[in-house]
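Inside the fold
Chain by chain, the residues:
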Amino acid sequence: MDIEAVRTFVAVADTGRFQDAADDLHITQQAVSKRIAKLEHALDARLLARGAGLTLDGRAFLPHARELLRAVERAAASVRPGERALRVDVLNLRIAPAQAMRAFYAAHPDVDLDVMALPGGTVTTAAGALLAGEIDATFRAVPSALPEGITALPLLADPLQLLTGPRHPLTRVRNLRLADLTGHRIWIPGIKPGSEWEAYYRELAATFGLSIDRIGPNFGTEAMMDALADSAELATLIGTSDRYVWPAAHDLRRLSITGPTPVYPHALLFRTDNRHPGLAALRRHLTAERKPPPADVWNPFPLPAS
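Here goes a summary of the coordinates provided. As the structure is a computational prediction, the values presented were derived from the model and not from experiment.

Given a rise of 1.5 Å per residue, 13 residues ought to cover 18 Å, and the 18 Å separating the end C-alpha atoms of helix 7 (residues 196-208) matches this to within 8%. By the burial criterion, the buried members of helix 7 are E196, W197, A199, Y200, Y201, L204 and A205.

As structure tokens, then:
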């Protein structure tokens, strides 16, 4: 069924004259007649009598035609920037970007927001989704040049912490320094080969002589917490702002690291020509809430200051 033919039929029904409908639609009266004839042929029904009056079939069809046009408008609005929800990829719903988006929505409840985690995504696939218009923004580390047309703003840098069980020897170290991690196994299951976070941890391990691995299957966050609680040797790295919950009996420890402080650089990426008003509000919010990085920051992927 031709949607424009349906729209034309409703216009004729509302105005009562072919010429008035043509004027409203900015087409010729002949085009109106052709569209109505096409619609009647598709429905195998006579909708308009002489003089543009509705037939019985026309009266029966009119409310459904109006609902069809409303559905078309809702469908168009769902993907039209400025009318559809702002789509933001946060990589993982437990980590700092997701917490930043929660704070943004608390401050801007009027913004229609759709928060997601692209499945199996890397900065490369996220950039492709931005250029295709599938998402409006994403939080990513940027280890290399981005495609033309994408802007990256360093708005969310999260210091890393060491997460251990209560029997790990590093829990007894006061003022834990990055060099203290040498010789200890740091286990980060689920690191995706070829991803920006694999590149980050590879640089961190190479620069400071650390043992970082993803050996073994990834059974999820809860299984990792269980393993840490049961071990005097395993540790992992998490962001200071990451939100993890574990049973009280696990007694896990979050240990701050300095000298230098490793920071994971979540830049906000978006298509440069994106004019979604929600994106402008998000950029203003993140800029206002941005915290200064530690004085001794370590970051292998620095971006120019915005």
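Here the narrative resumes.
Evaluated as defined, the whole model comprises 6 aromatic pairs. An aromatic cluster of three or more residues is present, and its members are Y200, Y201, F208, Y264, W298 and F301.

Let us look at the pairing of strand 9 (residues 261-271). By the criterion of burial, strand 9 is predominantly enclosed, with 10 of the 11 residues buried. Across 8 bridges, strand 4 (residues 150-164) lies against strand 9 in antiparallel orientation. Within strand 9, the position partnered with T151 by the bridge is F270.

Here A45 shows up in the loop between helix 3 (29-43) and helix 4 (56-77). Considering only alpha carbons, one finds A45 and F61, 16 residues apart in sequence, at a separation of 9.8 Å. Discounting residues that sit within four places of it in the chain, A45 has contacts with E40 and D57.

Moving on to the pattern of salt bridges. In this structure the tally under the stated criterion is 12 salt bridges. The salt bridge involving D20 is made with R17; its shortest N-O contact spans 2.9 Å. Residue class for D20 comes out partly exposed when judged on its relative accessible area of 28%. As a salt-bridge pair, R140 and E196 come within 3.1 Å of each other at their nearest N and O atoms. Of this pair, R140 sits in strand 3 (residues 137-140) while E196 sits in helix 7, placing them 56 residues apart in sequence. As far as the burial class goes, R140 and E196 line up, both buried.

What follows concerns the nonpolar core. Residues L162, L181, Y201, L204, I212 and L237 are the most contacted members of the largest nonpolar core, which totals 25 residues. Counting residues per element, the ones that place at least two in this core are strand 4, helix 7 and strand 7 (235-239). The biggest single contributor to this core is helix 7, with 6 residues. Excluding its chain neighbours within four sequence positions, the residues that come into contact with L181 are L162, L170, L176, I186, L210, L237 and I257.

Across the interface, helix 5 (residues 96-107) lies against helix 9 (residues 277-289) with an axial gap of 11 Å and an inter-helix angle of 110°. With respect to helix 9, the axis of helix 5 lies roughly perpendicular. On helix 9, the residues touching A100, M101, A103, F104 and A107 of helix 5 are G278, A281, L282, H285 and L286. Residues that form the contact of helix 5 with helix 9 fall into these classes: 8 nonpolar, 2 polar and no charged.

A few words on unusual backbone geometry. With an omega of -5°, the peptide bond between G259 and P260 qualifies as cis. Within the fold, P260 resides in the loop between strand 8 (253-256) and strand 9. A positive phi is found at D251, a non-glycine position, where the angle reads about 50°. Residue placement: D251 occurs in the loop between strand 7 and strand 8.

Reading guide: rules and limits
- Residues numbered from 1 in each chain as written.
- Predicted model: local features only at pLDDT ≥ 70, side-chain atom pairs only at ≥ 80, totals over all residues.
- Heavy atoms only, no water.
- Helix = DSSP H or I, 4+ residues; strand = E, 2+ residues; numbered from the N terminus.
- Expected span 1.5 Å × (residues − 1).
- Buried < 20%, exposed > 50% of the residue type's maximum accessible area, 1.4 Å probe, protein only.
- Phe/Tyr/Trp six-rings, centres within 6.5 Å; stacked < 30°, edge-to-face > 60°.
- Pairing = 2+ DSSP bridges.
- Contact = heavy atoms within 4.5 Å.
- Salt bridge = Lys/Arg side-chain N within 4 Å of Asp/Glu carboxyl O.
- Core = buried A, V, L, I, M, F, W, Y, C linked by side-chain atoms within 4.5 Å.
- Axes fitted to C-alpha atoms, helices over the stretch in contact; angles between N-to-C directions.
- Parallel < 35°, antiparallel > 145°, perpendicular 65-115°, else oblique.
- Nonpolar A, V, L, I, M, F, W, Y, C, P; charged D, E, K, R; others polar.

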